[in-house]
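A closer look at the structure
As a plain string of letters, each chain reads:
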Amino acid sequence: MNFHNSTQSLYRPMSHARFRQQTLRRPKTFSWAGDRLLWISIGKILLVLCPLVLVVNLWLASSFNTLDASVKEIENARHELMDKQIKLRAQRAQLYSPEHIRLMAAEKFSLRVPEKDQVKLF
């Protein structure tokens, strides 16, 4: 008996074990796109950038609050100066009024407006 000339093989061809394990696994219902190394590197970048962005945000907010406070302070000073200017203009108008000038002339220089009979024309 010659066993080598047989057309049938006594052994079944076997596939690779990896391929079989992949087909036997249950398919994942949810999978992330990309490789695991990609997600690790994204996580590291976010770990560095998030605190940095937070610090920059806090610094900018503090700067804007300081700027807002100084603008309000300057605006209050401007309003006070405008009020003072209005009071000074009112006082100047009062000082230049003809009635006030007559009173000051009467007090300081004893000058009075002449009456009708007081001045004689030659």
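**Things to note about the overall build of the protein**
Helices and strands together make up the secondary structure of the protein, namely three helices and zero strands. Residue burial in the protein is summarised as follows: out of 122 residues, 1% are buried. Surface accessibility of the protein: about 13400 Å² in total, with carbon and sulfur atoms responsible for 62%.

**Some remarks on the pattern of salt bridges**
Within this structure, the stated rule accounts for two salt bridges. In this structure, the salt-bridge partner of lysine 72 is aspartate 68, at a minimum N-O distance of 3.6 Å. Of this pair, lysine 72 and aspartate 68 both sit in helix α2 (residues 36–95), separated by four residues, roughly a single helical turn. Residue glutamate 99 is joined to arginine 102 by a salt bridge in which the shortest nitrogen-to-oxygen separation is 3.4 Å. Here glutamate 99 and its partner arginine 102 are both found in helix α3 (residues 98–109), three residues apart, which amounts to about one turn of the helix.

**Some remarks on a nonpolar patch on the surface**
Taken together, the side chains of Ile45, Leu49, Leu52, Val53, Val56, Trp59, Leu60, Phe64, Leu67 and Val71 define a hydrophobic patch exposed on the protein surface, amounting to about 980 Å² of accessible area. Here leucine 60 lies in helix α2. A relative accessible area of 35% places leucine 60 in the partly exposed class.

**Points about unusual backbone geometry**
Notably, serine 110 is not glycine yet its phi reads approximately 55°, a positive angle. By secondary structure assignment, the location of serine 110 is in the segment after α3. Given the relative accessible area of 59%, serine 110 is considered exposed.

**Describing α3**
Along its 12 residues, α3 runs 16 Å from first to last C-alpha, staying within 8% of the 16 Å computed at 1.5 Å per residue. Looking one or two residues past α3, serine 110 carries a phi angle of roughly 55°, positive in sign.

**Structural notes on the confidence of the model for the protein**
The pLDDT averaged across the protein works out to 83; a share of 72% of its residues lies at or above 70. Taking the mean pLDDT of every element in the protein, the minimum, 53, falls on helix α1 (residues 17–24) and the maximum, 95, on α2.

Scoring rules and cut-offs
Residues numbered from 1 in each chain as written. Predicted model: local features only at pLDDT ≥ 70, side-chain atom pairs only at ≥ 80, totals over all residues. Heavy atoms only, no water. Helix = DSSP H or I, 4+ residues; strand = E, 2+ residues; numbered from the N terminus. Buried < 20%, exposed > 50% of the residue type's maximum accessible area, 1.4 Å probe, protein only. Areas by Shrake-Rupley, 256 points an atom, 1.4 Å probe, with all protein chains shown as cover. Salt bridge = Lys/Arg side-chain N within 4 Å of Asp/Glu carboxyl O. Patch = residues over 30% accessible without salt bridge, like charges linked within 9 Å, V, L, I, M, F, W, Y side chains within 5 Å. Expected span 1.5 Å × (residues − 1). pLDDT = per-residue confidence, 0-100.

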